Amino acid sequence: QVQLVESGGGLVQAGGSLRLSCAASGSIFSINTMGWYRQAPGKQRELVAAITRGGVTNYGDSVKGRFTMFRDSIGNTVYLQMNSLKPEDTAVYYCNALNQLGRLVWGQGTQVTVSQ
C-alpha cells in the first residue's frame, strides 16, 4: 500500500512561483508512475505532469514550458516546480501514484491560488 502526502500549496501573485511536494511512503518499490493533476471549481480534473519510473516526463499543454516535475534521488518524493503562474492555474493540486498492478492512489490535495 502506498500513501501520499502533498505540501507546498498557497497563495501567490500572478507571475510568481511555487513548488509542490508529494512524499510517498509504504510500498514505494511498486510505483510505476507518479503524477500531478489539478481540479478547478466546476471543471474536470486534468493532468498537469507525470513522471515514469524511468524518469520520462510529460506535461499538460497548458503548463508546458512553465512547470517542471522532478523527483529526489531516492525516488520517494516528487516535486512540481511552477513558474510564471497565472490566475487560471488556481486549483486543488493532487498527486497520484500508479503501481505495477494498476492500482491508483491519490493524495489529499493542496490548494494553489494565483491572484491577479
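See the structure above.
Note that the structure is a prediction, hence the values are computed from the model and not measured.

A. Representation of the overall build of the protein in the model. When you go through the protein residue by residue, the secondary structure sums to zero helices and eleven strands. Along its sequence from the N terminus, the protein presents helices and strands in the succession β-β-β-β-β-β-β-β-β-β-β. A compact globule built from 116 residues would reach a C-alpha radius of gyration of about 13 Å, and the protein, at 13 Å, matches this within 12%. Projected onto its principal axes, the C-alpha positions of the protein cover 40 × 25 × 20 Å. Here the protein holds 116 residues, and the buried ones make up 41% of them. Put simply, 52% of the contacts in the protein that link residues at least 6 apart link residues at least 24 apart.

B. Quick look at the sheet that holds strand S3 (residues 18–26). Strand order in this open sheet of four strands is S1-S3-S8-S7, and the pairing throughout is antiparallel. Two strands lie at the open edges of the sheet, namely strand S1 (2–7) and strand S7 (67–71), each paired on one side alone. Mean inter-strand twist for the sheet, computed between neighbouring axes without regard to direction, equals 15 degrees. In this structure, S3 lies alongside strand S8 (residues 77–82), joined through six bridges in antiparallel fashion. By the bridge assignment for S8, Ala23 is matched with Thr77.

C. Structural context of the pattern of salt bridges. Counted according to the given criterion, the structure contains four salt bridges. Its salt-bridge partner being Glu46, residue Arg38 comes within 2.6 Å of it at the nearest N-O pair. For Arg38, a relative accessible area of 5% translates into the label buried. Residue Asp89 is joined to Arg38 by a salt bridge in which the shortest nitrogen-to-oxygen separation is 2.9 Å. You can see Asp89 sitting in the loop between S8 and strand S9 (91–99) and its partner Arg38 sitting in strand S4 (residues 31–39), a full 51 residues away along the chain. For the residue pair Asp89 and Arg38, the accessibility class agrees, reading buried in each case. One network of salt bridges, with partners in common, ties together Arg38, Glu46, Arg66 and Asp89.

D. Layout of the packing of aromatic side chains. A full pass over the atoms with the stated rule returns three aromatic pairs. Consider the rings of Tyr37 and Trp106, whose centres lie 5.3 Å apart with planes at 70 degrees: the pair is edge-to-face. Highlighted residues: Tyr37 in strand S4 and Trp106 in strand S10 (residues 104–106), separated in sequence by 69 residues. Given the relative accessible area of 25%, Tyr37 is considered partly exposed. On the basis of relative accessible area, Trp106 is assigned to the partly exposed category, the value being 33%. Relative to Trp106, the ring of Tyr94 lies with its centre 6.3 Å away and its plane at 90 degrees, an arrangement referred to as edge-to-face. A residue pair is termed long-range when its members are at least 10 positions apart, and Tyr94 in strand S9 and Trp106 in strand S10 qualify at twelve residues.

E. Fine view of the state of the cysteines. Taken as a whole and assessed by the stated rule, the structure comprises one disulfide. Sulfur-sulfur distance for the disulfide between Cys22 and Cys95 comes to 2.1 Å. On the S-S bond that ties Cys22 to Cys95, the torsion sits near -80 degrees, and the link is left-handed. Of this pair, Cys22 sits in strand S3 while Cys95 sits in strand S9; the two residues are 73 residues apart in sequence, bridging distant segments of the chain. For the residue pair Cys22 and Cys95, the accessibility class agrees, reading buried in each case.

Cut-offs and rules
- Residues numbered from 1 in each chain as written.
- Predicted model: local features only at pLDDT ≥ 70, side-chain atom pairs only at ≥ 80, totals over all residues.
- Heavy atoms only, no water.
- Helix = DSSP H or I, 4+ residues; strand = E, 2+ residues; numbered from the N terminus.
- Rg over C-alpha atoms; globule rule 2.2 N^0.38 Å.
- Buried < 20%, exposed > 50% of the residue type's maximum accessible area, 1.4 Å probe, protein only.
- Contact = heavy atoms within 4.5 Å.
- Pairing = 2+ DSSP bridges.
- Axes fitted to C-alpha atoms, helices over the stretch in contact; angles between N-to-C directions.
- Salt bridge = Lys/Arg side-chain N within 4 Å of Asp/Glu carboxyl O.
- Phe/Tyr/Trp six-rings, centres within 6.5 Å; stacked < 30°, edge-to-face > 60°.
- Disulfide = S-S within 2.5 Å.

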